[in-house]
Amino acid sequence: MTTLFAPELPALIDLVRNDGYAFVTHDAMGGMLERDGGLADWATFAASWNDLAPDTYLAAHGRYRRRRHATYSALAGQDVTPEPHQAHFQALTYNRLQGDLQRWFEPMTPETASTASLGTILRFCHHAFGTLAPQVPRWHIEVHQFRIEASADSAGEPTPEGSHRDGVDYVLVLLIDRHNIASGTTTIHTPDGQLLGDFTLTRPLDAALVDDPRVFHGVTPVTPLDNTQPAHRDVLVVTFRASDIAEASA
Ligand SMILES: [Fe+2]
């Protein structure tokens, strides 16, 4: 195991730069997010995971996941700004299950998009990833709200495509909530499958940051602790992909 705690942004930047990923605990993440504006409306933000839409593309494979999606952009040194609702696209190279497919997901609601918590998280990502890659003039940013549900007869699969890359430059995986969930361990691998590290996101704000071109990531299936009760795992995934200024006007 290489990394677990990163109390300050410069230390976190160093971990990602050196190892290609970092796991960040609730306390460390909370401190860094406080400095980027705080999470005063966290309860409202987290409650919005109760209103996600079924992933109809995944349902076609007999699996179950709920989600919403939003797109943003940011010019270097400037604020993160919303972009029109658009499709999510991953090349087949990056998603063996659902690659080369324009997937239209339900948009994040305006109420969720306007929370201070989301603004803080996006600001934090821009600071972190912009520091790691200061040469990037413009970022294409996608935000995914995910809920994986597990039941006694079917484990939930947070990453049904297995260990993978997202096909971007940087990824933040932030735990929002776990309810009656066992396992669901985040794993980091070399491109040839060797395990580099693992961390189970258990407390809200536990997080993983990933340099996506360098390392693969996955999450083990989740199962209920108590088979008679509802069980879910809620995460926020934010991806940053370098784009050029021309893409902004295309
Ligand atoms: Fe991923």
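As a starting point, this report considers the structure included with it. (Residues numbered from 1 in each chain as written. Predicted model: local features only at pLDDT ≥ 70, side-chain atom pairs only at ≥ 80, totals over all residues. Heavy atoms only, no water.)

### Section: the nonpolar core
In step 1: Among the nonpolar cores identified, the biggest contains 43 residues, and Met29, Ile121, Val143, Leu172, Leu174, Leu236 and Val238 are the most heavily contacted of them.
In step 2: The dominant element in this core, judged by the number of residues it contributes, is helix H6 (residues 116–132), at eight residues.
In step 3: With residues up to four places along the chain from it excluded, the contact list for Val143 reads Arg68, His69, Ala70, Tyr72, Met108, Leu118, Leu122, Leu236, Val237 and Val238.
In step 4: Judged by nonpolar contacts, the second largest core, of 15 residues, contains Phe146, Val171, Leu201 and Val210. (Core = buried A, V, L, I, M, F, W, Y, C linked by side-chain atoms within 4.5 Å. Buried < 20%, exposed > 50% of the residue type's maximum accessible area, 1.4 Å probe, protein only. Helix = DSSP H or I, 4+ residues; strand = E, 2+ residues; numbered from the N terminus. Contact = heavy atoms within 4.5 Å.)

### Quick word on the coordination of the iron ion
In step 1: Looking at the iron ion, the protein donor atoms are His164 (NE2), Asp166 (OD) and His217 (NE2), and they sit 2.1 to 2.2 Å from it.
In step 2: Relative accessible area serves as the criterion here: at 14%, Asp166 is assigned to the buried category. (Donors = N, O, S within 2.8 Å, 3.2 Å for Na, K, Ca; no water.)

### Looking at the packing of helix H2 (residues 26–35) against H6
In step 1: With their axes 9 Å apart at the nearest point, H2 and H6 run at an angle of 95° to one another. Classified by the angle between their axes, H2 and H6 sit roughly perpendicular to one another. Across the interface between the two elements, Met29, Met32 and Leu33 from H2 touch Thr120, Ile121 and Phe124 from H6.
In step 2: The residue makeup of the contact of H2 with H6, split by class, is five nonpolar, one polar and no charged. (Axes fitted to C-alpha atoms, helices over the stretch in contact; angles between N-to-C directions. Parallel < 35°, antiparallel > 145°, perpendicular 65-115°, else oblique. Nonpolar A, V, L, I, M, F, W, Y, C, P; charged D, E, K, R; others polar.)

### Digging into the pattern of salt bridges
In step 1: Summed over all chains, the structure comprises eleven salt bridges.
In step 2: The partner of Arg67 in a salt bridge is Asp55, with the nearest N and O atoms 2.9 Å apart. Highlighted residues: Arg67 in strand E3 (residues 66–75) and Asp55 in the loop between strand E2 (53–54) and helix H4 (56–59), separated in sequence by twelve residues. Neither residue differs from the other here; Arg67 and Asp55 are each classed as buried.
In step 3: Residue Asp212 pairs with Arg165 through a salt bridge whose shortest N-O separation is 3.5 Å. One end of the pair, Asp212, is in the loop between strand E12 (207–211) and strand E13 (216–219); the other, Arg165, is in the loop between strand E7 (138–150) and strand E8 (170–179), and 47 residues separate them in sequence. (Salt bridge = Lys/Arg side-chain N within 4 Å of Asp/Glu carboxyl O.)

### Topic: the sheet that holds strand E10 (residues 185–189)
Strand pairs in the sheet, formed through backbone hydrogen bonds, run parallel or antiparallel to each other.
In step 1: As summarised here, the arrangement of the three strands in space is E11-E10-E13, forming an open sheet in which the pairing is antiparallel. The sheet is open, and its two edges are formed by strand E11 (195–200) and E13, each paired on a single side. Within the sheet, the average angular offset between the axes of one strand and its neighbour, ignoring direction, is 20°.
In step 2: One ladder, built from four bridges, connects E10 with E13; its direction is antiparallel. Bridge assignment links Ile188 to a residue of E13, and that residue is His217. (Pairing = 2+ DSSP bridges.)

### Examining the side chain of Arg68
In step 1: Following the sequence through the fold, Arg68 ends up in strand E3.
In step 2: On the basis of relative accessibility, which here comes to 12%, the residue Arg68 falls in the buried class.
In step 3: For Arg68, the side chain forms a polar contact with the main-chain oxygen of Asp51, separated by 2.7 Å. (Polar contact = N/O pair within 3.5 Å; in protein donor to acceptor, adjacent residues only side chain to side chain.)

Treat this as a map of the structure, not an account of what it does.
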